[in-house]
Amino acid sequence: NLPGSDAEIKLRSLRTYDSILVEDHGYVAEYYGKWHIPNAMGYIYRNDVRRGGGLKSWFGKYSDDGTKHYSWGMSEWYRMWLEGQPNSTVAAGPTEEGDQINTFSRHFYDPDPLDELFGLETGVDIEVKQPDRHGVNRLQDGLSITTQQAIETIDALERLAQGDRPFSLHLSLH
């Protein structure tokens, strides 16, 4: 396990471009999207990384006025955002036999032949890992996780641009 290990201690001594900007040059840094570096390096982000079970981590979100930090997992943020969008219920039920539930959005998708669930009845209860799910989401255009993360990042960009400090804004699309 990485947490508490020699590897984690060594990683803490490494620096990223954001840590150099924040610690040495007074920048504010925020990170949106999927976290692709060790948890120990998340301390420099204003919307800091929260450690979950094992090596899982995620970034939270600030309230609109920037005073309160919320911390939920990336999929929970996406689902909450999705629930508030017009037409998000269109994909809440299957439209064809064989449609399956996207475990990330909890909406239906049409699996393609690479999908482990392709050809099986709708809603079959078999555990399939995310990399083995392939197909077309039934969500309307503009309701993807990519859209949600882009909107969050644009909101952050507009907010940070109003500040009096230089900033670094990172988006890693899911």
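Residues numbered from 1 in each chain as written. Predicted model: local features only at pLDDT ≥ 70, side-chain atom pairs only at ≥ 80, totals over all residues. Heavy atoms only, no water.

Novice: Can you help me understand the overall build of the protein chain in this one?
Specialist: A count of helical and extended segments in the protein chain gives four helices and nine strands. Mapped from its N terminus to its C terminus, the protein chain presents α and β elements in the order α-α-β-β-β-β-β-α-β-β-β-α-β. Across the 174 residues that make up the protein chain, the buried fraction comes to 36%. Long-range pairs, those at least 24 residues apart, make up 49% of the contacts in the protein chain between residues at least 6 apart in sequence. As presented, the protein chain carries roughly 10500 Å² of accessible surface, and 52% of it is formed by carbon and sulfur atoms. (Helix = DSSP H or I, 4+ residues; strand = E, 2+ residues; numbered from the N terminus. Buried < 20%, exposed > 50% of the residue type's maximum accessible area, 1.4 Å probe, protein only. Contact = heavy atoms within 4.5 Å. Areas by Shrake-Rupley, 256 points an atom, 1.4 Å probe, with all protein chains shown as cover.)

Novice: Quick question: what am I supposed to make of the environment of Gly119 here?
Specialist: Position of Gly119 among the secondary structure elements: in the loop between β7 (108-111) and β8 (135-137). Exposure remark for Gly119: the relative accessible area of 67% places this residue in the exposed category. Taking the C-alpha atoms as reference, Gly119 lies 9.0 Å from Glu97; in sequence the two are 22 residues apart.

Novice: Would you mind going over the layout of surface pockets with me for this structure?
Specialist: A water-sized probe, rolled over the atoms, reveals where empty space remains. One number sums up the size of the second largest pocket: a volume of about 410 Å³. Lining of the second largest pocket is provided by 20 residues; of these, Asn102, Phe104, Gln130, Asn137 and His174 occupy positions nearest its centre. Elements with a contribution of two residues or more to the lining of the second largest pocket: α3 (74-83), β8 and α4 (145-161). Residues that form the lining of the second largest pocket fall into these classes: seven nonpolar, 11 polar and two charged. (1 Å grid on protein atoms, 1.4 Å probe; cavity = no way out; pocket = protein on both sides within 12 Å on 5 of 7 lines; lining within 4 Å. Points joined across faces, edges and corners; volume = space filled by probe spheres on them. Nonpolar A, V, L, I, M, F, W, Y, C, P; charged D, E, K, R; others polar.)

Novice: Explain α4 here, please?
Specialist: For the α-helix, the turn length of 3.6 residues means that residues three or four positions removed from each other point alike. Compared with an ideal rise of 1.5 Å per residue, which puts 17 residues at 24 Å, α4 spans 24 Å between its outermost C-alpha atoms and is within 8% of the ideal. Those residues of α4 lying buried are Ile145, Gln148, Gln149, Glu152, Thr153, Ala156 and Leu160. In an axial view of α4, the angular spread of the buried residues amounts to 130 degrees, which keeps them on one side of the axis. (Expected span 1.5 Å × (residues − 1). Arc of directions from axis to C-beta.)

Novice: How do you make sense of the sheet that holds strand β6 (residues 100-101) when you look at a structure like this?
Specialist: Strand pairing in a sheet is mediated by backbone hydrogen bonds. Such pairs are either parallel or antiparallel. If you walk across this open sheet you meet the three strands as β6-β7-β8, and the pairing is antiparallel. At either margin of the open sheet sits one strand with a lone partner, and together these are β6 and β8. Sheet analysis places β7 next to β8, joined by three bridges and oriented antiparallel. Looking across to β8, one finds that Pro111 is bridged to Gly135. (Pairing = 2+ DSSP bridges.)

Novice: Can you walk me through the nonpolar core in this structure?
Specialist: Counting eight residues, the largest nonpolar core is built from Met74, Tyr78, Trp81, Leu82, Phe104, Leu139, Leu143 and Ile145. Among the elements that take part in this core, α3 stands out by supplying four residues, more than any other. Counting five residues, the second largest nonpolar core, distinct from the first, contains Tyr31, Trp35, Ile44 and Tyr45. (Core = buried A, V, L, I, M, F, W, Y, C linked by side-chain atoms within 4.5 Å.)

Novice: How should the pairing of β7 be read in this particular structure?
Specialist: Relative to β7, β6 runs antiparallel, the two being bridged by two bridges. When the bridges of β7 are listed, Gln100 appears paired with Tyr109. Between β6 and β7, which pair antiparallel and follow one another directly, the connecting turn spans six residues, one of which, Arg106, has a positive phi of 65 degrees.

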